[in-house]
Amino acid sequence: MNNPEFKRNLWLEFSPHRMVAMPVILALLFLAIILSDRGQTAANLHSAATSLFIFIVWLWGLRNANAAIVNELRENTWDQQRMSALQPWDMTWGKLFGATAFNWYGGLICLAVAAFTGFAYEEPDTLMNLLTLVSTAVLLHAASIALNLHSSRIEARIIQRGGMGWIALFILFMLISSSHHIWSGYLINWWGMQIPHNQFLFFSSLLFAACAVFAAWRTMCNALQVRTLPWSWPLFAVILGAY
């Protein structure tokens, strides 16, 4: 945890008022659902907690992850960070989880409610579905950071217009639309194996989340002018082809 970039983002994201406001607002929302319930409290709370997680961590978190790079470049503070002694990996995870720390703070509350209510009314594969939400969030945040770092080396005007977060948002909607298709069938036929749809979605999101984090680290290496060998793109092409 001895990461100055991560600590700096925590100082920017958290304040006593925000730390109190998030659980209070969520508690009021959950209380309103309980009071308006008509017999399916656990199922309604589970659905609401999942939807709130998507809004707080996926959408709002994507905006903050996008701003982690865009704001630095707009305010001309990125060169100062590049000249710091931080290693690329420290800078990567410091921005990835530091800029979105407040979103994860609210998201963990939603996950706790979703897990408790999911187990309460015996929602099938509750744990795996929630882990899929988490891995997809990491995928979106890391992809946004990687895309912004890469685009900043090519065209500065892209950053002035808000960065490349809209592409990660497009990935989000593609994931949602494809998940509806995946969930419509019971088994997925993949390389001759019959895989349950929820397992396929979980391992897919986990694989591409790892690829996105690796991409963010590699682009951070290039941004900090750390010499790397050009093997990452061929490896990703092989992984994508096999997938």
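Our structure's up above, just so we're on the same page.
To start, this report covers the structure provided alongside it. Quick caveat: nothing in here was measured; it's all calculated off a predicted structure. (Residues numbered from 1 in each chain as written. Predicted model: local features only at pLDDT ≥ 70, side-chain atom pairs only at ≥ 80, totals over all residues. Heavy atoms only, no water.)

**Concerning the overall build of the protein chain**
Thinking step 1. Scanning the protein chain from terminus to terminus reveals eleven helices and two strands.
Thinking step 2. Listed by position from the N terminus, the elements making up the protein chain come as α-α-α-α-α-α-α-α-α-β-β-α-α.
Thinking step 3. Across the 243 residues of the protein chain, 42% fall into the buried class.
Thinking step 4. The contacts in the protein chain between residues at least 6 apart in sequence include a share of 75% that link residues at least 24 apart.
Thinking step 5. For the protein chain, the accessible area works out to roughly 13,700 Å², and carbon and sulfur atoms hold 68% of it. (Helix = DSSP H or I, 4+ residues; strand = E, 2+ residues; numbered from the N terminus. Buried < 20%, exposed > 50% of the residue type's maximum accessible area, 1.4 Å probe, protein only. Contact = heavy atoms within 4.5 Å. Areas by Shrake-Rupley, 256 points an atom, 1.4 Å probe, with all protein chains shown as cover.)

**Digging into the layout of surface pockets**
Thinking step 1. Taken as a whole, the largest pocket holds about 800 Å³ of empty space.
Thinking step 2. Around the largest pocket, the lining comprises 28 residues; the ones closest to its centre are A146, C211, A215, W233 and F236.
Thinking step 3. Taken together, the elements giving at least two residues each to the lining of the largest pocket come down to α7 (126–152), α10 (197–223) and α11 (232–242).
Thinking step 4. With ten residues, the top contributor of residues to the lining of the largest pocket is α10.
Thinking step 5. Here the lining of the largest pocket is built from residues that sort into 21 nonpolar, five polar and two charged. (1 Å grid on protein atoms, 1.4 Å probe; cavity = no way out; pocket = protein on both sides within 12 Å on 5 of 7 lines; lining within 4 Å. Points joined across faces, edges and corners; volume = space filled by probe spheres on them. Nonpolar A, V, L, I, M, F, W, Y, C, P; charged D, E, K, R; others polar.)

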